[in-house]
Amino acid sequence: MFAVGLTGGIGSGKSFVAERFAARGVPIVDTDAIAHRITAPHGLAMPAIARAFGASFVAPDGSLDRPRMRALVFSDETARHRLEAITHPLIRTETEREWQQAHGPYVIIVVPLLVESGAWKTRVNRVLVVDCSVETQIARVIQRNGFTREQVLAIIARQATREARIAAADDVIVNDDLPRDVFDARIDELHHLYTSSAGR
Ligand code: ADP
(Lines give C-alpha, C1' and ligand atoms only; values in the text may rest on other atoms or scores of the structure.)
Protein backbone atom coordinates (compact mmCIF):
# COMPACT_ATOMS: atom_id res chain seq x y z
CA MET A 1 0.00 0.00 0.00
CA PHE A 2 1.14 3.53 -0.81
CA ALA A 3 2.88 4.91 2.27
CA VAL A 4 3.59 8.42 3.47
CA GLY A 5 6.37 8.77 6.05
CA LEU A 6 5.41 11.49 8.53
CA THR A 7 8.23 13.10 10.49
CA GLY A 8 9.21 16.27 12.35
CA GLY A 9 11.09 17.40 15.42
CA ILE A 10 9.90 16.94 18.99
CA GLY A 11 6.72 18.94 19.59
CA SER A 12 6.34 19.85 15.91
CA GLY A 13 2.89 18.24 15.98
CA LYS A 14 3.38 14.81 14.35
CA SER A 15 0.70 13.15 16.48
CA PHE A 16 -1.58 16.15 16.05
CA VAL A 17 -1.23 16.00 12.26
CA ALA A 18 -1.56 12.19 12.18
CA GLU A 19 -4.87 12.48 14.05
CA ARG A 20 -6.21 14.84 11.39
CA PHE A 21 -5.43 12.25 8.68
CA ALA A 22 -6.90 9.45 10.81
CA ALA A 23 -10.13 11.50 11.05
CA ARG A 24 -10.22 11.30 7.23
CA GLY A 25 -10.05 7.50 7.31
CA VAL A 26 -6.30 7.06 6.85
CA PRO A 27 -4.72 4.22 8.85
CA ILE A 28 -1.76 5.33 10.98
CA VAL A 29 1.24 3.18 11.88
CA ASP A 30 3.13 4.81 14.74
CA THR A 31 6.70 3.55 15.15
CA ASP A 32 6.98 5.18 18.59
CA ALA A 33 3.93 3.26 19.79
CA ILE A 34 5.47 0.06 18.38
CA ALA A 35 8.79 0.78 20.14
CA HIS A 36 6.85 1.18 23.37
CA ARG A 37 4.78 -1.97 22.81
CA ILE A 38 7.75 -4.28 22.19
CA THR A 39 9.23 -3.21 25.53
CA ALA A 40 5.91 -3.30 27.43
CA PRO A 41 5.24 -6.25 29.83
CA HIS A 42 6.43 -9.40 28.01
CA GLY A 43 6.82 -7.45 24.76
CA LEU A 44 8.60 -8.99 21.77
CA ALA A 45 11.95 -7.38 22.61
CA MET A 46 12.01 -8.37 26.27
CA PRO A 47 13.57 -11.86 26.04
CA ALA A 48 16.51 -10.56 23.98
CA ILE A 49 16.90 -7.53 26.28
CA ALA A 50 17.00 -9.78 29.34
CA ARG A 51 19.63 -11.99 27.67
CA ALA A 52 21.81 -9.08 26.55
CA PHE A 53 21.55 -6.81 29.60
CA GLY A 54 20.51 -9.11 32.45
CA ALA A 55 17.32 -9.55 34.44
CA SER A 56 17.99 -6.34 36.38
CA PHE A 57 16.81 -4.36 33.34
CA VAL A 58 13.43 -6.08 33.44
CA ALA A 59 10.84 -4.54 35.78
CA PRO A 60 8.74 -6.86 38.00
CA ASP A 61 5.84 -6.65 35.52
CA GLY A 62 8.01 -7.95 32.67
CA SER A 63 8.47 -4.58 30.96
CA LEU A 64 11.70 -2.72 30.29
CA ASP A 65 13.03 -0.84 33.30
CA ARG A 66 13.06 2.43 31.35
CA PRO A 67 14.78 4.73 33.89
CA ARG A 68 17.57 2.19 34.33
CA MET A 69 18.03 1.63 30.61
CA ARG A 70 17.87 5.37 29.90
CA ALA A 71 20.64 5.99 32.44
CA LEU A 72 22.80 3.25 30.88
CA VAL A 73 22.45 4.22 27.22
CA PHE A 74 22.83 7.91 28.03
CA SER A 75 26.42 7.34 29.13
CA ASP A 76 27.33 4.20 27.17
CA GLU A 77 27.32 4.34 23.39
CA THR A 78 28.04 0.60 22.99
CA ALA A 79 25.06 -0.28 25.16
CA ARG A 80 22.87 2.04 23.10
CA HIS A 81 23.95 0.25 19.91
CA ARG A 82 23.33 -3.11 21.53
CA LEU A 83 19.82 -2.05 22.53
CA GLU A 84 19.10 -0.65 19.07
CA ALA A 85 20.39 -3.85 17.44
CA ILE A 86 17.59 -5.62 19.33
CA THR A 87 14.79 -3.09 18.99
CA HIS A 88 15.26 -1.64 15.50
CA PRO A 89 14.75 -4.88 13.52
CA LEU A 90 11.65 -5.67 15.63
CA ILE A 91 10.25 -2.17 15.10
CA ARG A 92 10.88 -2.60 11.38
CA THR A 93 9.12 -5.96 11.07
CA GLU A 94 6.18 -4.89 13.26
CA THR A 95 5.81 -1.70 11.22
CA GLU A 96 5.87 -3.68 7.96
CA ARG A 97 3.27 -6.06 9.37
CA GLU A 98 0.89 -3.25 10.40
CA TRP A 99 1.50 -1.54 7.05
CA GLN A 100 0.58 -4.73 5.18
CA GLN A 101 -2.56 -5.25 7.26
CA ALA A 102 -3.76 -1.65 6.99
CA HIS A 103 -7.01 -0.84 5.17
CA GLY A 104 -7.54 2.57 3.65
CA PRO A 105 -6.68 4.77 0.67
CA TYR A 106 -3.01 4.86 1.76
CA VAL A 107 -1.12 4.54 5.03
CA ILE A 108 0.74 7.11 7.13
CA ILE A 109 3.79 5.85 8.98
CA VAL A 110 4.93 8.15 11.79
CA VAL A 111 8.73 7.97 12.07
CA PRO A 112 10.22 10.61 14.40
CA LEU A 113 13.81 9.99 13.24
CA LEU A 114 13.08 9.36 9.55
CA VAL A 115 15.63 11.94 8.37
CA GLU A 116 18.25 10.96 10.95
CA SER A 117 18.11 7.20 10.45
CA GLY A 118 17.69 7.04 6.70
CA ALA A 119 16.27 3.55 6.11
CA TRP A 120 12.59 4.55 6.16
CA LYS A 121 13.19 7.36 3.72
CA THR A 122 13.71 4.91 0.89
CA ARG A 123 10.91 2.55 1.96
CA VAL A 124 8.05 5.04 1.95
CA ASN A 125 6.60 6.53 -1.21
CA ARG A 126 6.55 10.09 0.06
CA VAL A 127 7.98 12.07 2.97
CA LEU A 128 5.77 14.59 4.80
CA VAL A 129 7.55 16.91 7.23
CA VAL A 130 5.72 18.77 9.99
CA ASP A 131 7.58 22.03 10.43
CA CYS A 132 7.35 24.78 13.04
CA SER A 133 9.69 27.26 14.68
CA VAL A 134 12.00 26.15 17.47
CA GLU A 135 10.19 28.57 19.81
CA THR A 136 6.89 26.80 19.07
CA GLN A 137 8.52 23.40 19.75
CA ILE A 138 9.90 24.64 23.08
CA ALA A 139 6.59 26.12 24.20
CA ARG A 140 4.66 22.94 23.31
CA VAL A 141 7.05 20.50 24.98
CA ILE A 142 7.26 22.62 28.15
CA GLN A 143 3.46 22.57 28.20
CA ARG A 144 3.07 18.87 27.29
CA ASN A 145 5.93 17.25 29.24
CA GLY A 146 6.80 19.85 31.88
CA PHE A 147 10.41 19.94 30.62
CA THR A 148 12.62 22.98 31.07
CA ARG A 149 13.65 25.13 28.12
CA GLU A 150 17.20 23.73 28.44
CA GLN A 151 15.96 20.12 28.34
CA VAL A 152 13.96 20.78 25.19
CA LEU A 153 16.90 22.55 23.55
CA ALA A 154 19.17 19.58 24.38
CA ILE A 155 16.74 17.19 22.64
CA ILE A 156 16.39 19.48 19.63
CA ALA A 157 20.20 19.69 19.37
CA ARG A 158 20.38 15.90 18.95
CA GLN A 159 17.76 15.87 16.18
CA ALA A 160 18.08 16.89 12.53
CA THR A 161 17.85 20.62 11.83
CA ARG A 162 14.73 22.15 10.26
CA GLU A 163 16.74 22.72 7.10
CA ALA A 164 17.89 19.08 6.87
CA ARG A 165 14.33 17.87 7.38
CA ILE A 166 12.87 20.19 4.79
CA ALA A 167 15.58 19.14 2.32
CA ALA A 168 14.42 15.53 2.73
CA ALA A 169 10.70 16.37 2.38
CA ASP A 170 8.41 15.84 -0.56
CA ASP A 171 5.75 17.85 1.25
CA VAL A 172 5.86 20.21 4.22
CA ILE A 173 3.04 21.14 6.54
CA VAL A 174 3.61 24.33 8.48
CA ASN A 175 2.30 23.87 12.00
CA ASP A 176 2.92 27.06 13.89
CA ASP A 177 -0.18 28.71 15.20
CA LEU A 178 -2.03 28.95 11.91
CA PRO A 179 -5.74 29.72 11.68
CA ARG A 180 -7.55 26.43 11.93
CA ASP A 181 -9.19 26.71 8.49
CA VAL A 182 -5.80 27.28 6.79
CA PHE A 183 -4.36 24.23 8.56
CA ASP A 184 -7.37 22.04 7.72
CA ALA A 185 -7.26 23.14 4.07
CA ARG A 186 -3.61 22.04 3.86
CA ILE A 187 -4.48 18.63 5.35
CA ASP A 188 -7.30 18.25 2.79
CA GLU A 189 -4.96 19.24 -0.04
CA LEU A 190 -2.37 16.64 1.01
CA HIS A 191 -5.06 14.00 1.59
CA HIS A 192 -6.29 14.47 -2.00
CA LEU A 193 -2.75 14.37 -3.36
CA TYR A 194 -1.96 11.10 -1.53
CA THR A 195 -5.31 9.50 -2.38
CA SER A 196 -4.81 10.18 -6.08
CA SER A 197 -1.11 9.20 -6.00
CA ALA A 198 -2.05 5.90 -4.31
CA GLY A 199 -4.68 5.17 -6.94
CA ARG A 200 -2.28 5.34 -9.85
P1 ADP B 1 5.01 15.48 18.33
O2 ADP B 1 4.19 14.23 18.14
O3 ADP B 1 5.62 15.99 17.05
O4 ADP B 1 6.03 15.45 19.45
P5 ADP B 1 2.46 16.52 19.22
O6 ADP B 1 1.59 16.20 18.08
O7 ADP B 1 2.35 15.71 20.46
O8 ADP B 1 4.00 16.64 18.77
O9 ADP B 1 2.22 18.08 19.57
C10 ADP B 1 2.83 18.66 20.72
C11 ADP B 1 1.76 19.39 21.52
O12 ADP B 1 1.31 20.52 20.79
C13 ADP B 1 0.54 18.53 21.80
O14 ADP B 1 0.07 18.84 23.08
C15 ADP B 1 -0.45 18.97 20.71
O16 ADP B 1 -1.77 18.80 21.10
C17 ADP B 1 -0.09 20.44 20.53
N18 ADP B 1 -0.32 20.88 19.13
C19 ADP B 1 0.39 20.51 18.05
N20 ADP B 1 -0.05 21.12 16.93
C21 ADP B 1 -1.08 21.90 17.32
C22 ADP B 1 -1.97 22.80 16.63
N23 ADP B 1 -1.90 23.01 15.30
N24 ADP B 1 -2.92 23.43 17.35
C25 ADP B 1 -3.00 23.23 18.69
N26 ADP B 1 -2.21 22.41 19.40
C27 ADP B 1 -1.24 21.74 18.74
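Only a predicted model underlies this, so the values are computations on that prediction, with no experimental measurement involved. Note on numbering: residues in each chain are counted from 1, in written sequence order. Where local features are concerned, this predicted model is filtered to residues with pLDDT of at least 70; where side-chain atom pairs are given and counted, the filter is 80 or more; whole-chain, interface and lining totals use all residues. Side-chain metrics rest on all non-hydrogen atoms present in the structure, leaving aside hydrogens and water.

> Sorry, what's going on with the nonpolar core here?
When a protein is soluble and globular, its nonpolar side chains tend to lie buried together. Ranked by internal contacts, the top residues of the largest apolar core, which has 30 residues, are Ile49, Phe53, Met69, Val107 and Ile109. Secondary structure elements follow DSSP: runs of H or I no shorter than four residues count as helices, runs of E no shorter than two count as strands, and numbering proceeds from the N terminus. Contributing elements (two or more residues each) for this core: helix H2 (31-38), helix H3 (46-53), helix H4 (66-75), helix H5 (77-101), strand S3 (107-110), helix H6 (114-117) and strand S4 (126-131). Here this core gets five residues from one element, more than from any other, and that element is H5. Note that the domain bounds were set by an automatic or database domain assignment. When residues are assigned to domains, this core turns out to be shared by domain 1 (1-27 + 105-200) and domain 2 (31-101), each giving three or more. Ignoring any residue separated from it by four or fewer positions in sequence, one finds Met69 in contact with Ile49, Phe53, Phe57, Leu64 and Leu83. Definition used in this section: a nonpolar core is a set of buried Ala, Val, Leu, Ile, Met, Phe, Trp, Tyr and Cys residues joined via side-chain atoms within 4.5 Å. Only protein chains enter the area calculation, which uses a 1.4 Å probe; residues under 20% of their type maximum are buried, those over 50% are exposed, and those in between are partly exposed. Formed by 17 residues, the second largest nonpolar core is a distinct cluster that contains Val17, Tyr106, Leu128 and Tyr194. Residues count as neighbours in contact if any of their non-hydrogen atoms are within 4.5 Å of one another.

> Can you walk me through the site of the ligand in this structure?
Near is defined per residue: the residue qualifies when any heavy atom it owns lies within 4 Å of the molecule or strand. Every residue near the ligand is listed here: Gly9, Gly11, Ser12, Gly13, Lys14, Ser15, Phe16, Arg140, Arg144 and Asn175. Note that an oxygen atom of the ligand is positioned 2.9 Å from one of the backbone N or O atoms of Gly11. Pairs of N or O atoms within 3.5 Å make up the polar contacts considered here, provided that, within protein, one atom can donate a hydrogen while the other can accept it, and that residues adjacent in sequence are counted only when both atoms are side-chain atoms. Lys14 is positioned such that a nitrogen or oxygen atom in its side chain is 2.8 Å from an oxygen atom of the ligand. We get accessible surface area from the Shrake-Rupley algorithm with a probe of 1.4 Å; when it comes to residues, only the shown protein chains can shield them. Contact with the protein chains covers 70% of the free accessible surface of the ligand, which is 550 Å². For the shell around the ligand, the secondary-structure elements that each account for two or more residues are helix H1 (14-22) and helix H8 (134-145). Looking at which element gives the most residues to the shell around the ligand, the answer is H1, with three residues. In the scheme used here, Gly and all other residues not listed as nonpolar or charged are polar, with Ala, Val, Leu, Ile, Met, Phe, Trp, Tyr, Cys and Pro taken as nonpolar and Asp, Glu, Lys and Arg as charged. Tallied by class, residues from the shell around the ligand come to one nonpolar, six polar and three charged.

> What should I look at first to understand the UniProt feature "binding site: ATP" (unreviewed entry) in the protein chain in this one?
Per the UniProt record, "binding site: ATP" (unreviewed entry) is found at Gly11, Ser12, Gly13, Lys14, Ser15 and Phe16. Relative to the helices and strands, Gly11 resides in the loop between strand S1 (3-8) and H1. Using a relative accessible area of 10% as the deciding quantity, one classes Gly11 as buried. With residues up to four places along the chain from it excluded, the contact list for Gly11 reads Cys132, Gln137, Arg140, Val141 and Arg144. Turning to its location among the elements, Lys14 is positioned in helix H1. Looking at Lys14, the relative accessible area reads 12%, which means it is buried. UniProt positions are given in the numbering used here, feature names are shortened, and annotations may be inferred rather than shown by experiment.

> Help me understand the domain arrangement of the protein chain, please; the structure alone is not making it clear to me.
Domain annotation for the protein chain reports domain 1 (1-27 + 105-200) and domain 2 (31-101). Facing the nine residues of domain 1 at the interface are six residues of domain 2. Buried area between domain 1 and domain 2, both sides added, is near 760 Å², and the carbon and sulfur share of it is 65%. Here, a salt bridge means any side-chain nitrogen of Lys or Arg that lies within 4 Å of a carboxyl oxygen of Asp or Glu. The interface formed by domain 1 and domain 2 contains one salt bridge. Measuring nitrogen to oxygen at the nearest pair gives 2.7 Å for the salt bridge that ties Arg123 to Glu96. Contributions of two or more residues to the side of domain 1 that touches domain 2 are made by S3 and helix H7 (119-123). Among the elements that line the side of domain 1 that touches domain 2, the one with the most residues is S3, at three residues. Buried area: the accessible surface (1.4 Å probe) lost by two parts on joining, summed over both.

> Just checking my understanding: could you explain the side chain of Thr31 for this structure?
Secondary-structure assignment places Thr31 in helix H2. The contacts of Thr31, once residues within four sequence positions are left out, are Ile91, Thr95, Ile109, Val110, Val111 and Pro112.

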